[in-house]
Amino acid sequence: MANEATTRERVLEACYACIARHGLDRTTVEDVAREAGLSRATIYRAFPGGRDDLVRETVVWEMGRFFGGLAEHVAGAPDLATLIEDGLAYARAAILEHAVLQTVLRTEPERLLPLMTVEVDRPLRFIVGYLEPFLEREERAGHLRPGVAVPDAAEFIGRLINESPAEHLVPDVAGNRR
């Protein structure tokens, strides 16, 4: 099982490197196999859906790395307001400084954006799950209005965070910041 996880990680890292070098449209399974030092058959065993599955899982993997960094960055937040403020600042900087993301958004936004919207539930679930303990703490401290359900509040705030800032964090197709 550990070897399977290692192979999968190796393939995802290789796919990420190929996307960085060639872009989404020009990355092939053969490129990824060569980069990973594995056979194409090994890639197809790990990703039976082929290239589309591999690219989608690489995007999901990179989103996971982003949220891991975000969680680490806000881990010491003393309250919900600081958590959100620090989290949004981290997200903005990470997105603007992510060379591969910025390149793909500039050169092939039509390829990446559908992948991100199909996977929109993953980041939302992460955000909601991360917010709930903070909201529970705020509730225990008497900082939430009576009758506010923590899961509903976490979902609401999570949707605001997940759906609103993207247009302000990335360049539009012409490369202008909004």
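See above for the structure.
Attention in this report is confined to the structure presented alongside it. In this text, all values refer to a predicted model and were calculated from it rather than measured experimentally. Chains are numbered independently. Their residues run from 1 in the order of the written sequence. Only residues with pLDDT of at least 70 are given local features in this predicted model, and only at 80 or more are side-chain atom pairs given and counted; all residues enter the totals for whole chains, interfaces and linings. Water and hydrogen atoms were dropped before computing side-chain values, which therefore reflect all heavy atoms in the structure.

### Observations regarding the overall build of the protein
At step 1: Only DSSP runs of H or I with at least four residues qualify as helices, and only runs of E with at least two residues qualify as strands; both kinds are numbered from the N terminus onward. Counting its secondary structure elements, the protein contains ten helices and zero strands.
At step 2: The order of helices and strands in the protein, counted from the N terminus, is α-α-α-α-α-α-α-α-α-α.
At step 3: Classification of the 178 residues of the protein by burial places 40% in the buried group.
At step 4: When contacts within the protein are restricted to residue pairs at least 6 apart in sequence, those whose partners lie at least 24 apart make up 63%.
At step 5: For the accessible areas, the method is Shrake-Rupley and the probe is 1.4 Å, while residue cover comes only from the protein chains on display. In the form shown here, the protein has an accessible surface area of approximately 10300 Å², with 56% of it arising from carbon and sulfur atoms. The buried label applies to any residue whose accessible area, calculated with a 1.4 Å probe on protein chains only, is under 20% of its type's maximum; exposed applies above 50%, and partly exposed to all values in between. Working rule for contacts: check all heavy atoms of both residues, and any pair within 4.5 Å makes them a contact.

### Examining the nonpolar core
At step 1: Nonpolar core, defined: a set of buried Ala, Val, Leu, Ile, Met, Phe, Trp, Tyr and Cys residues in which side-chain atoms within 4.5 Å join the residues together. Within the largest apolar cluster, 19 residues are counted, with the highest numbers of intra-cluster contacts made by Val11, Cys15, Ile19, Val32, Ile43 and Leu54.
At step 2: Listed by contribution, the elements that provide at least two residues to this core are α1 (2-22), α2 (29-36), α4 (50-74) and α6 (99-107).
At step 3: When residues of this core are assigned to their parent elements, the largest contribution, seven residues, is made by α1.
At step 4: Residues in contact with Ile43, not counting those within four places in the same chain, are Val11, Val29, Val32, Ala33, Leu38 and Leu54.
At step 5: Residues Leu70, Leu83, Ala154 and Ile161 belong to the second largest nonpolar core, which totals 17 residues.

### Comments concerning the side chain of Thr27
At step 1: Structurally, Thr27 is set in the loop between α1 and α2.
At step 2: Each polar contact in these results corresponds to two N or O atoms within 3.5 Å; when the atoms are within protein, one needs to be able to donate a hydrogen and the other to accept it, and residues that are neighboring in sequence are counted only if both atoms are side-chain atoms. Engagement of the side chain of Thr27 in a polar contact is seen with the backbone oxygen of Cys18, the distance being 3.3 Å.
At step 3: Within the structure, Thr27 has its side chain in polar contact with the backbone nitrogen of Ile19 (distance 3.5 Å).
At step 4: When near neighbours in sequence (up to four residues on either side) are disregarded, Thr27 contacts Cys18, Ile19, His22, Val32 and Arg51.

By themselves, these observations are geometric and do not establish any function.
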